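Now for the letters of each chain:
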Amino acid sequence: MKRIYHFLVSTSFMGFLLLVLAFAMAIATFVESSYGTPAAKALIYNTRWFELVFLFLGINLVHNFFRYRLYTKKKLSIGLFHLSFIVIIIGAAITRYISFEGIMHIREGATSDFIVSTDSYFSVKVNGEETAEKVIFSELSYKEFDEDLTIDGQDVSIKSIGFVQHALRSPIESPTGKPMVDFVVSAGQGMQGFTFGKGELVNLGPATLGFEGNADIRFEQEGAKLFILADRDLEIRSMAGGEPEVVPAGTRSEVKLMHLYGFDNYLVLVKKFYEKASLRVTKDGSGSSPEDAVIVEISDGERQAVVNVFGKAGQIGEPITYMVGNTPVELTYGSKPVYLPFSLRLKDFQLERYIGSESPSSFASEIELLDQEHNVQRDVRIFMNNTLKYRGFRFYQSSYDQDELGTVLSVNKDFWGTFVTYVGYLLLTLGMIWSLVNKNAYFQYLVRHLKMAGSSKVGVIALLFVLAGNTATAQSSSTATIPRLDKELVDDFSRLWVHGRDGRIEPMSTLSGEILRKLSRKSSLNGMSSDEVVLSMNLHPDQWKSVPFLKIDPEVAKAIGVKQKYARITDLFDLGGHYLITDQVKAAFAKAPAFRNKMDKEYIFLDERINICFMVFNGDLLTFFPPVDQSDAWWGVGSNPTGYPTADSLFVNRSFGLLSEAINNPESDIQPRQIMATVAAFQDKFGKEILPSEQKRSAEMVYNQYQPFKRIFPFYLLLGFVLLTILFVNIFRQKGIQKGVKGIFSGLIILTFLIHTGSLILRWYISGHAPWSNGYESMIYVAWAAMLAGIIFGRKYPMVLGTAAFLTGITLFVAHLNWMNPEITHLVPVLKSYWLLIHVAVITASYGFIGLSAFLGILVLLLYIIMNERNKKNVDHFIDQLTTISELSATIGLYMLTIGTFLGGVWANESWGRYWGWDPKETWALITAVIYAFIVHMRLIPSLRGRYNYNLATIIGFASVLMTYFGVNYFLSGLHSYGKGSAEGIHWAVYASVGLITFMAVWSYFKFKKYEEVMKD
């Protein structure tokens, strides 16, 4: 028994538990992506074995806290750090077993005193007695309910034998069935099908619709006939056309099949009435069905029946009645209502959008709190990141009804779980910071070791650095027939304010760049700037239709007969003007997004590019004219606006027509630049109050012109690559360093870093928010953090500085690949918080430090590979230095990642009402933290300690960072979708990189074993 206990508290078993935890969570994210959150919870997150992993980790931490005397003064910083995890595990257990979460839905003017539980239940009710179990059904975990009951003296078994997510009720005629109505309801955007038995109804908002019962509009059976009775007038239209027929309120009329019954902007179509039918369950392939189905087997030993019970987690279940003998048995699946000792009334729901856009800027609920028991009646405002706290409950703004007349609040009651967990977070932060400065901690030991190792000679030889300039490009023959535009006119055009599709008011130069990148994946075209291209497209649309400038996928090009890399608009139409990819685009859009293949997506992208071209040709995208009502969208050139004086309306309609005439007719009395000046004056006249400042316009145009992040990555790559090459050559030559050359290198890299820093600040100023709110911005910030780490640790070590510069260059290069979007965009409501500055900045910067550690690991493998008898001592010295720096960088990265992850939990608690929800992004951040916790503790596991193992582990571990950043954002789904981009499959470079690193790992391992006696740790 003692031996078992010592094994359970050993560092080896701790490492094993960390890896089990990481792999289990990783598998769970893919299960969730394929089969939904319930499947991941049922198979992993909510299982007893997963809880046991945390329990054993807690026991291990407690034991080692006393075993290594981490409570002593010298070790208290590390002790505090490890103690914090014990506290966090306790807080998580309180939340898991005691807390409560739910949803409250309120319509405007209505009052609610209950919450719908987040947990779902399956219940059986017989003779007034109910048996209910908490369940997590999924298509992978359907055997969640199994009960044996005694009904009228008989032993009856009731168990779930199947589950269908997004289930459809398909009625089939059955002699033992019940009356059913099969109908659909439409509110203008799509339709939803229903199959009702007697007593069932649906609340449509303005009215209830049901089969008999107390519905406002109800179907009634009379023998083999079906009638409809309403408390309001109904308008009946035949699907074949003709004049509508009005049925007055209170009039009972026979239902006409395949006719439309209209009321309050709703249309109802009765497909069929069944005198006797039973329901068959089928799966909705589109995933739009609002309910699931539990397939239940009921058996009394002699007879056996299968019953379909419909419901859904998060919705109150409707009971299904089944007769066992003469006893009715009610089966219910769904959430339960939890009643509150007070109520909330929704006075008003408010949704603000970005000017002229459908994108929400913010939304809020004006609530009246009513508590008769405590004599409380007060008004409160709930909005994103601003909660209502009352009597232990916390209410968060979650979402809203599509008609914007109702609100959805997430509700949480978890004071003690949150409190204990937050205490753990605080101890964690204090322990980490203290351990960085505590002279007795391992981090300071590494610093001292590095200083001792740094006393040896480390050399760099001279470098002649040639700055790469832009090369002029001759105009291609593809655009040679298109007249060039006056540069000053193009500059005037680029300075005009334009109202983007997302509601952002920006200089035209910004929109022009976005348009050309979307169309051609280029920032300029045959010597023409993006501004000139867009303006020319509007002025000379017919000529541009014959220019090959549309980026097209090779497979799509082959399918439609395009032989070049870029397509012409005319290539997409036949001689009769028919659009060649109409059928393919329709077929692609008909599929659910999850089921679209690569070709489907490419057809959609190509169709989008064609549409953008015609929107530029027609002037629909050139929205230069602010409306009289400044909350509306701006008018595009050539439009017929309303609300202006006649002269201004005429100018909006004719301005660019006059511009075209003035350009084509040099003798014209009107100069082209005068028209541009008049457009600018029009903007000042009608939009002065909402236009950004002149300073912001100038700053954004400078940013657009120089594209600083795209320009500096070649310098980072060149500096890093050449510096590392020279250092490797020096290892063989056994040469020393010249201080002057080292200073030149350091100065050039630091200068590039300062430009990088200034560009981040400039983007922050232009956008009005911290520049790490989407995929592209976080990439350029990760690159900045990696270079910062290199400067911190590479002050005396050129190899570290060169590695960091090369890593930064690669990161910026990736940021400018085709699938990253560099647009400056508005923030979604949840990101409008100070937590964007804190959480995202800390956790994203951690990737830079961890990335530096991984690249140093690659460098160490290369050093092992080049090791020979002549240089083995010198190489070993380099390996010792780089490994020490790597440990320092990995430790800081781990600390920042851990703090950032838990700060994200605090932000989630402020925004959504729970600090941990197993969202894929937060889960992978935790996985990365767990993996790097294992890596930095490998030195405590006898079979894994050593420099080779550590450096190889940092390279392998970095895959979890890539998955956290790229994999989740681009291949999984979750609450962090606002950071998404678009990527098609796994790039071939990933496979090539894995193959290359595997080859290096094997080769370096043999070299390591050959010279192992030199490299005693």
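Note that the structure is predicted; figures quoted are calculated from it, not measured. (Residues numbered from 1 in each chain as written. Predicted model: local features only at pLDDT ≥ 70, side-chain atom pairs only at ≥ 80, totals over all residues. Heavy atoms only, no water.)

Enquirer: Would you mind showing me how to read the overall build of the protein here?
Expert: Scanning the protein for helices and strands turns up 26 helices and 31 strands. Within the protein, contacts between residues at least 6 apart in sequence are counted, and of these 65% link residues at least 24 apart. Total accessible area computed for the protein in this model is approximately 47900 Å², and 58% of it derives from carbon and sulfur atoms. (Helix = DSSP H or I, 4+ residues; strand = E, 2+ residues; numbered from the N terminus. Contact = heavy atoms within 4.5 Å. Areas by Shrake-Rupley, 256 points an atom, 1.4 Å probe, with all protein chains shown as cover.)

Enquirer: Is there a simple way to think about the packing of helix α10 (residues 530–539) against helix α15 (residues 646–664) in this case?
Expert: Each pair of packed helices gets described by two things: the angle between the helix axes and the distance between those axes. Running from amino to carboxyl end, α10 crosses α15 at an angle of 95 degrees, the nearest separation of the two axes being 10 Å. Relative to α15, the element α10 is oriented roughly perpendicular. Residues Leu-535, Asn-538 and Leu-539 of α10 touch α15, and the partners they reach there are Phe-656, Leu-659, Ser-660 and Ile-663. For the contact of α10 with α15, the residue count by class is five nonpolar, two polar and no charged. (Axes fitted to C-alpha atoms, helices over the stretch in contact; angles between N-to-C directions. Parallel < 35°, antiparallel > 145°, perpendicular 65-115°, else oblique. Nonpolar A, V, L, I, M, F, W, Y, C, P; charged D, E, K, R; others polar.)

Enquirer: Could you clarify how one ought to interpret the pattern of salt bridges in this entry?
Expert: Opposite charge on two side chains permits them to pair, given that their charged atoms come into close proximity. One pass over the structure, following the stated rule, counts 41 salt bridges. The partner of Arg-232 in a salt bridge is Asp-264, and the shortest N-O contact between them spans 2.5 Å. Of this pair, Arg-232 sits in the loop between β11 (225–230) and β12 (234–238) while Asp-264 is found in the loop between β15 (259–263) and β16 (266–283), placing the two residues 32 residues apart along the sequence. Between Lys-256 and Glu-245 there is a salt bridge whose closest N-O contact spans 3.1 Å. Here Lys-256, found in the loop between β14 (253–254) and β15, pairs with Glu-245, found in strand β13 (residues 245–247); they are eleven residues apart in sequence, far enough to count as distant. Taking relative accessible area as the criterion, Glu-245 reaches 38% and is therefore assigned partly exposed. Salt bridges sharing common partners tie together Arg-218, Glu-220, Glu-222 and Arg-252. (Salt bridge = Lys/Arg side-chain N within 4 Å of Asp/Glu carboxyl O. Buried < 20%, exposed > 50% of the residue type's maximum accessible area, 1.4 Å probe, protein only.)

Enquirer: Explain unusual backbone geometry to me, please; I cannot follow it from the model alone.
Expert: The general pattern is negative phi for most residues beyond glycine and trans for most peptide bonds. For Met-258, which is not glycine, the phi torsion reads 60 degrees and is therefore positive. Within the secondary structure layout, Met-258 lies in the loop between β14 and β15. If you check the backbone angles, Asn-526 has positive phi at about 50 degrees while not being a glycine. Inspection of the secondary structure assignment puts Asn-526 in the loop between β28 (524–525) and β29 (528–529). By relative accessible area, which is 18% here, Asn-526 ends up buried.

Enquirer: Mind showing me how you'd approach helix α14 (residues 598–618) here?
Expert: One turn of an α-helix holds 3.6 residues; hence residues three or four places apart share an orientation. Helix length check: α14, at 21 residues, gives a terminal C-alpha distance of 30 Å against a target of 30 Å (1.5 Å per residue), a fit within 8%. Every buried residue of α14 is accounted for by Asp-600, Glu-602, Tyr-603, Ile-604, Leu-606, Asp-607, Arg-609, Ile-610, Ile-612, Cys-613, Val-616 and Phe-617. One or two steps after α14, the chain reaches Gly-619, where phi turns positive at roughly 85 degrees. (Expected span 1.5 Å × (residues − 1).)

Enquirer: Which parts of the structure should I look at to understand the environment of Phe-493?
Expert: Position of Phe-493 among the secondary structure elements: in helix α8 (residues 487–495). Spatially, the C-alpha atom of Phe-493 lies 8.0 Å from that of Ser-509, the residues being 16 residues apart in sequence. The contacts of Phe-493, once residues within four sequence positions are left out, are Met-508, Ser-512, Asp-531, Val-534, Leu-535, Leu-622, Phe-624, Phe-656 and Met-676.

Enquirer: Help me understand the sheet that holds strand β18 (residues 304–311) in this model?
Expert: Sheet strands pair via backbone hydrogen bonds, and the direction of the pair is either parallel or antiparallel. An order of β4-β5-β17-β18 is seen for the four strands of this open sheet, with the pairing classed as antiparallel. This sheet does not close on itself; its edge strands, each paired only once, are β4 (146–151) and β18. Between one strand axis and the next, the sheet turns through 30 degrees on average, direction left out of account. Note that strand β5 (residues 154–164) and strand β17 (residues 292–299) share seven bridges and pair antiparallel. Looking at β17, one finds that Gly-162 is bridged to Ile-295. (Pairing = 2+ DSSP bridges.)

Enquirer: What's the story with the sheet that holds strand β10 (residues 217–222) in this structure? I'm lost.
Expert: The five strands are arranged β8-β9-β10-β11-β14 in an open sheet whose pairing can be described as mixed. Whereas interior strands pair on both sides, the edge strands pair on one side only; in this sheet they are β8 (201–203) and β14. Here two bridges tie β11 to β14, and the two strands are oriented antiparallel to one another. Its bridge partner being in β14, Ile-228 is matched across the sheet by Ser-253.

Enquirer: Would you explain the side chain of Ser-10 in this entry?
Expert: Among the secondary structure elements, Ser-10 is positioned in the loop between α1 (2–8) and α2 (11–35). Here Phe-7 takes part through its backbone oxygen, which lies 2.7 Å from a polar atom of the side chain of Ser-10. Looking at Ser-10, its side chain comes within polar contact range of the main-chain nitrogen of Phe-13, at 3.2 Å. (Polar contact = N/O pair within 3.5 Å; in protein donor to acceptor, adjacent residues only side chain to side chain.)

Enquirer: In this structure, what is going on with the packing of helix α9 (residues 508–520) against α14? I would like to understand it.
Expert: It is at 9 Å that the axes of α9 and α14 come closest, and there the two elements cross at 140 degrees. For the element pair α9 / α14, the angle class is oblique. Taken as a pair, α9 and α14 cross one another with a handedness that is left-handed. On α14, the residues touching Ile-515, Lys-518 and Leu-519 of α9 are Glu-608, Arg-609, Ile-612, Cys-613 and Val-616. Its residues placed into classes, the contact of α9 with α14 shows five nonpolar, no polar and three charged. (Left-handed = near helix turned anticlockwise from the far one by under 90°.)

Enquirer: Explanation requested: the side chain of Ser-365 in the structure shown.
Expert: Here Ser-365 is to be found in strand β21 (residues 360–371). One polar contact links Ser-365 to Thr-407, side chain to side chain, over a distance of 2.7 Å. Setting aside anything within four residues of it in sequence, one finds Ser-365 in contact with Leu-346, Asp-348, Phe-349, Val-380, Arg-381, Ile-382, Gln-397, Thr-407 and Leu-409.

Enquirer: Any chance you could explain the pairing of strand β24 (residues 393–400) here in plain terms?
Expert: A regular strand places its side chains on the two faces of the sheet in alternate fashion. Here three bridges tie strand β23 (residues 388–390) to β24, and the two strands are oriented antiparallel to one another. In the strand pairing of β24, Leu-388 is matched with Phe-395. What sits between the antiparallel neighbours β23 and β24 is a turn of two residues, in which Arg-391 has the positive phi angle 50 degrees. Bridging between β24 and strand β25 (residues 406–413) involves six bridges; their strand directions are antiparallel. Paired with Tyr-396 across the two strands is Ser-410, which belongs to β25. The hairpin turn running from β24 into β25, its antiparallel successor, is five residues long, and Glu-404 in that turn takes a positive phi close to 60 degrees.

Enquirer: Whenever I open this one, the confidence of the model for the protein confuses me. Can you help?
Expert: Low pLDDT marks stretches whose predicted atomic positions should not be read closely. Looking at the protein, the pLDDT average stands at 83 and 88% of residues meet or exceed 70. Predicted confidence is poor over residues 974–983, with pLDDT under 50, and the contacts of this stretch with residues over four places away or in other chains come to 27 contacts. (pLDDT = per-residue confidence, 0-100.)

Enquirer: It is not clear to me how the packing of aromatic side chains should be interpreted in this structure. Could you clarify?
Expert: Here the distance between the centres and the angle between the planes together describe a pair of aromatic rings. One pass over the structure, following the stated rule, counts 61 aromatic pairs. Summarising the aromatic geometry, the rings of Phe-114 and Tyr-339 are spaced 5.7 Å apart at their centres and angled 50 degrees between planes, so their arrangement reads as tilted. Here Phe-114 is found in strand β2 (residues 111–126), whereas its partner Tyr-339 is found in strand β20 (residues 327–353), with 225 residues between them in sequence. Here Trp-416 and Phe-419 contribute two aromatic rings whose centre-to-centre distance is 5.9 Å and whose plane-to-plane angle is 90 degrees, an arrangement assigned as edge-to-face. In this pair, Trp-416 and Phe-419 are both assigned in helix α6 (residues 415–437), three residues apart and thus about one turn of the helix distant. A residue is classified by how much of its surface remains accessible, and Trp-416, at 56% relative accessible area, is exposed. (Phe/Tyr/Trp six-rings, centres within 6.5 Å; stacked < 30°, edge-to-face > 60°.)

Enquirer: Is there a simple way to explain the environment of Asn-265 in this structure?
Expert: Mapping Asn-265 onto the fold places it in the loop between β15 and β16. Here Asn-265 falls in the exposed class, since its relative accessible area comes to 75%. As for Asn-265 and Ala-187, which are separated by 78 residues in sequence, their C-alpha atoms are 6.2 Å apart. Look past the residues within four positions of Asn-265 in its chain and what remains in contact with it is Ser-186 and Ala-187.

Enquirer: Would you explain a nonpolar patch on the surface in this entry?
Expert: Together, Tyr-5, Leu-52, Leu-55 and Ile-59 make up an exposed nonpolar region whose accessible area comes to about 350 Å². The greatest single-element share of the nonpolar patch, amounting to three residues, is contributed by helix α4 (residues 48–67). Following the sequence through the fold, Ile-59 ends up in helix α4. (Patch = residues over 30% accessible without salt bridge, like charges linked within 9 Å, V, L, I, M, F, W, Y side chains within 5 Å.)

Enquirer: What am I meant to see in the pairing of strand β1 (residues 100–107) here?
Expert: As paired strands, β1 and β25 are joined by eight bridges and run antiparallel to one another. Residue pairing across strands places Ile-103 opposite Ser-410, the latter belonging to β25. Pairing of β1 with β2, which is carried by two bridges, proceeds in the antiparallel orientation. Counterpart to Ile-103 in the pairing with β2 is Val-116. Count of turn residues in the β1/β2 antiparallel hairpin: three residues, of which Gly-109 carries a positive phi of about 85 degrees.

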